[in-house]
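A structural walkthrough
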Amino acid sequence: MAMATGRLLILLLLQLSFLFNNLVAKQSSPATHHHHHHHRGHGRPDKYNNSTSNPRLQQAYIALQAWKRVIYSDPNKFTSNWVGPSVCSYSGVYCTAALDDPKIKVVAGVDLNHGNIAGFLPDDLGLLTDLALLHLNSNRFCGIIPESFANLTLLFELDISNNRFVGPFPSVVLSLPTLKFLDIRFNEFEGALPPDVFNRGLDAIFINNNLFTSVIPSTFGASPASVVVFANNMLGGCLPPSIANLADSLEELLLFNTSLTGCLPQEVGFLYKLRVLDVSYNKVVGTLPYSIAGLAHLEQLVLGHNMMTGNIPEGICILPNLMNFTYSYNFFCEEEGICRNMTANGIKYDDRRNCLPGKPLQRSKKECEAVYKHPVDCLDHHCSSGGGGGIGAAAAAAAAVPAASPLASPPIHS
């Protein structure tokens, strides 16, 4: 897997390097975008690879040696050849021509994914000013993200997921002008999510499985992202109608287990590019917006373990690309038409623990009546800012219902 990742990285860097070198050729000033790189000299004389004759490689040498000194465990010997000034020959280090001078070689990428390396990130990494990619997925790096990262103005992808980083959201990354891919999931970051996360032009935002609290920021609707994953945090709040502003970009939205409340806004149906929507394991109430029936690209719709009521509209069940529709552990009371058996259309679905007459494995009459005595009118529960969105008596009634015992092997109809 590591070799495959390396090959993909090299191809990506080559492609981006080609694009940027073309841009540099057309403009007199240096491009301020993400350059990428191929491995080692690639036909250039050794003098371009030698840090003693190249100040930028010398800076990289200082940074990488400082990093190696604070690596305390490297069981796979990823960094065992980080010796000497020829940094472009280091494992996981990728070089290419500089954007502003094709005759100069620079370190443009570091990929230590799945290295199981323990240590921390020294301030000296701010010397890697030509870095476009930094991939540290699945290691044991700890501590905080150094403020010196503000110097990495060409950084395009930052993946520090599945490590042991701590502290508040690393806001220093939001100052990076070309950053498009941010993956900080599976760490121990905590506190509030800064509103600027959605104002910085990020295309992919992965912050799931941390310790973030507060509410979904009101700036959420300003994001141009195609993928947003908040899952497994304690963000709370509701999904604002301003989500409609993401219609031209958003393809995947995963909010499961985020303490989400309120109703799903009708504006969800404006997200015409959406392929995946997962709001399971929350406290969402109200009916399922019929506008979702207009999402022709939708493949995965996961609503399980909420407090939703009303009907399952047939228009959703016949979506042309739908493959999985999970709405178990809610309080839906009717499945329209083909929704009663979507297996005929090749759709996997799970309708357990609802209030569906004639269906097996449903809630008791007492459970269902407790909720339907207090219907939710979503028009009365506006969510204008990402917070608030009170859910009233119906949610209280649903919360009072004892949790149904999970089944030993959850059946998904397929």
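Source: prediction; values computed, not measured. (Residues numbered from 1 in each chain as written. Predicted model: local features only at pLDDT ≥ 70, side-chain atom pairs only at ≥ 80, totals over all residues. Heavy atoms only, no water.)

1. Section: the overall build of the protein chain
As a reminder, the rule being used: A run of DSSP states H or I qualifies as a helix once it reaches four residues; a run of E qualifies as a strand once it reaches two. Both are numbered from the N-terminal end. Note on classification: 1.4 Å probe, protein chains only; a residue is buried when its accessible area is under 20% of the maximum for its type, exposed when over 50%, partly exposed between these limits. What makes two residues a contact is simply this: any of their non-hydrogen atoms within 4.5 Å.
In terms of helices and strands, the protein chain carries five helices and 22 strands. Expressed as a percentage of its 414 residues, the buried residues of the protein chain come to 54%. Taking all contacts inside the protein chain whose residues are at least 6 apart in sequence as the whole, residues at least 24 apart take part in 53%.

2. Here's the deal with empty space enclosed by the protein
Counted only if it meets this: The way it works is a 1 Å grid over only the protein atoms, where trapped points that fit a 1.4 Å probe form a cavity and open points with protein on both sides within 12 Å along at least five of seven lines form a pocket, and then any residue with an atom within 4 Å of a point lines it. Grid points are joined across faces, edges and corners, and a volume is the space filled by probe spheres set on the points.
For the coordinates displayed, the defined rule picks out one cavity of 30 Å³ or more. Lining the largest cavity are Arg 56, Leu 57, Ala 60, Val 106, Val 107, Leu 127, Leu 128, Thr 129, Asp 130 and Leu 131. Those elements giving two or more residues to the lining of the largest cavity turn out to be helix H2 (55-69) and strand E3 (105-111).

3. A short note on H2
Just so we agree on the cut-off: Take the number of residues in a helix, subtract one, and multiply by 1.5 Å to get its expected span.
Compared with the 21 Å implied by 1.5 Å per residue over 15 residues, the 21 Å span of H2 between its first and last C-alpha is a close match. Where H2 is concerned, the buried positions are Leu 57, Ala 60, Ala 63, Leu 64, Gln 65, Ala 66 and Trp 67. In this fold, the buried residues of H2 make contact with strand E1 (71-73), strand E2 (93-97), E3, strand E4 (118-120), strand E5 (133-135) and strand E6 (140-143).

4. Some details on the packing of aromatic side chains
As a reminder, the rule being used: Whether two aromatic rings pair depends on their centres lying within 6.5 Å, for rings of Phe, Tyr and Trp, where Trp uses its six-membered ring; planes under 30 degrees apart make the pair stacked, over 60 edge-to-face, and the rest tilted. Whether a charge sits over a ring comes down to the Lys NZ or Arg CZ being within 6 Å of the ring centre and within 35 degrees of the ring normal.
Scanning all chains against the criterion turns up twelve aromatic pairs. Centre to centre, the rings of Phe 181 and Phe 206 are 5.7 Å apart; their planes meet at 45 degrees, and the pair counts as tilted. Taken together, the residues Phe 181 in strand E9 (residues 181-183) and Phe 206 in strand E11 (residues 204-206) connect sequence positions 25 residues apart. Classification of Phe 206 as buried rests on a relative accessible area of 13%. Taking the ring centre of Phe 206 as reference, the NZ or CZ of Arg 185 above it sits at 4.6 Å. Sitting over the ring of Phe 331, Arg 363 keeps its end group 4.1 Å from the ring centre.

5. Describing the state of the cysteines
What counts here: Note on disulfides: each one is a pair of cysteine sulfur atoms within 2.5 Å.
One pass over the full model with this rule turns up four disulfides. Here Cys 317 pairs with Cys 339 through a disulfide, and the sulfurs are 1.9 Å apart. An S-S torsion of about 110 degrees defines the bridge between Cys 317 and Cys 339 as right-handed. Here Cys 339 lies in the loop between strand E21 (331-335) and strand E22 (348-350) and Cys 317 lies in helix H3 (residues 314-317), a separation of 22 residues in the sequence. Residues Cys 317 and Cys 339 agree in their burial class; the two are buried. Each sulfur of the disulfide joining Cys 355 and Cys 368 lies 2.0 Å from the other.

6. As for the pairing of E3
Here is the rule we go by: In this analysis, strands are considered paired if DSSP registers two or more bridges between them.
With respect to burial, E3 is a largely interior element, seven of its seven residues being buried. Summarising the sheet, E2 and E3 pair through five bridges and their orientation is antiparallel. Residue pairing in the sheet places Tyr 94 in a bridge with Gly 109 of E3.

7. Observations concerning the nonpolar core
Which entries qualify depends on this criterion: Working definition of a nonpolar core: buried Ala, Val, Leu, Ile, Met, Phe, Trp, Tyr and Cys residues. They are joined through side-chain atoms within 4.5 Å.
Counting residues in each nonpolar core, the largest one holds 90 residues, and the members touching the most others are Trp 67, Phe 169, Phe 220, Phe 230, Leu 253, Leu 288 and Phe 325. The set of elements that each furnish at least two residues to this core consists of H2, E2, E3, strand E19 (307-312) and H3. Listed in part, the seven residues of the second largest apolar core include Phe 206, Ala 231, Leu 254 and Val 276.

8. Observations regarding the environment of Leu 134
With respect to the helices and strands, the residue Leu 134 is situated in strand E5. Accessibility expressed as a relative area gives 3% for Leu 134, which makes it buried. Those residues in contact with Leu 134 that lie beyond four places of it in its chain are Trp 67, Val 110, Phe 149, Leu 155, Glu 157, Leu 158 and Asp 159.

9. Quick word on the environment of Leu 99
Tracing the backbone through its elements, the reader meets Leu 99 in the loop between E2 and E3. Linking Leu 99 and Asp 130, residues 31 residues apart in sequence, is a C-alpha distance of 8.6 Å.

10. Thoughts on the pattern of salt bridges
Heads up, the rule is: Any Lys or Arg side-chain nitrogen found within 4 Å of a carboxyl oxygen on Asp or Glu counts as a salt bridge.
Using the criterion set out here, one finds twelve salt bridges in the structure. The closest approach of N and O atoms between Arg 275 and Glu 252, which form a salt bridge, is 2.7 Å. In this pair, Arg 275 sits in the loop between strand E15 (261-263) and strand E16 (276-278) while Glu 252 sits in strand E14 (residues 252-254), placing the two residues 23 residues apart along the sequence. Among the residues examined, Arg 275 registers a relative accessible area of 25% and is labelled partly exposed. Across the pair Lys 359 and Glu 335 runs a salt bridge, and its minimum N-O distance is 2.8 Å. On the criterion of sequence distance, the pair formed by Lys 359 in the loop between E22 and helix H4 (365-372) and Glu 335 in strand E21 is long-range, its members being 24 residues apart. Residue classification places Glu 335 among the buried residues on the basis of a relative accessible area of 5%. Salt bridges linked by common partners bring Glu 251, Glu 252, Arg 275 and Glu 299 together as one network.

11. Regarding the sheet that holds strand E17 (residues 283-286)
To summarise the sheet geometry, strands pair through backbone hydrogen bonds and adopt either a parallel or an antiparallel arrangement. Spelled out, the test is: In this analysis, axes come from line fits to C-alpha atoms, helices being fitted only over the stretch in contact, and the angle between any two N-to-C directions falls in the range 0 to 180 degrees.
Reading across from one edge, E15-E17-E19-E21 is the order of the four strands in this open sheet, with parallel pairing throughout. In this open sheet, the two strands that pair with only one neighbour each are E15 and E21. Between one strand and the next, the sheet's axes are offset by a mean angle of 25 degrees, whatever the strand orientation. Here E17 runs beside E19; their pairing, made up of two bridges, is parallel.

12. A short note on unusual backbone geometry
In the Ramachandran plot, Phe 186 falls in the positive-phi region, its phi being about 55 degrees despite a non-glycine side chain. You can see Phe 186 is positioned in the loop between E9 and strand E10 (188-192). Under the relative-accessibility criterion, Phe 186 is labelled partly exposed at 39%. Its identity is not glycine, yet Ser 214 carries a phi of approximately 75 degrees, on the positive side. Looking at where Ser 214 falls in the secondary structure, it is placed in the loop between strand E12 (211-213) and strand E13 (227-229). Accessibility expressed as a relative area gives 36% for Ser 214, which makes it partly exposed.

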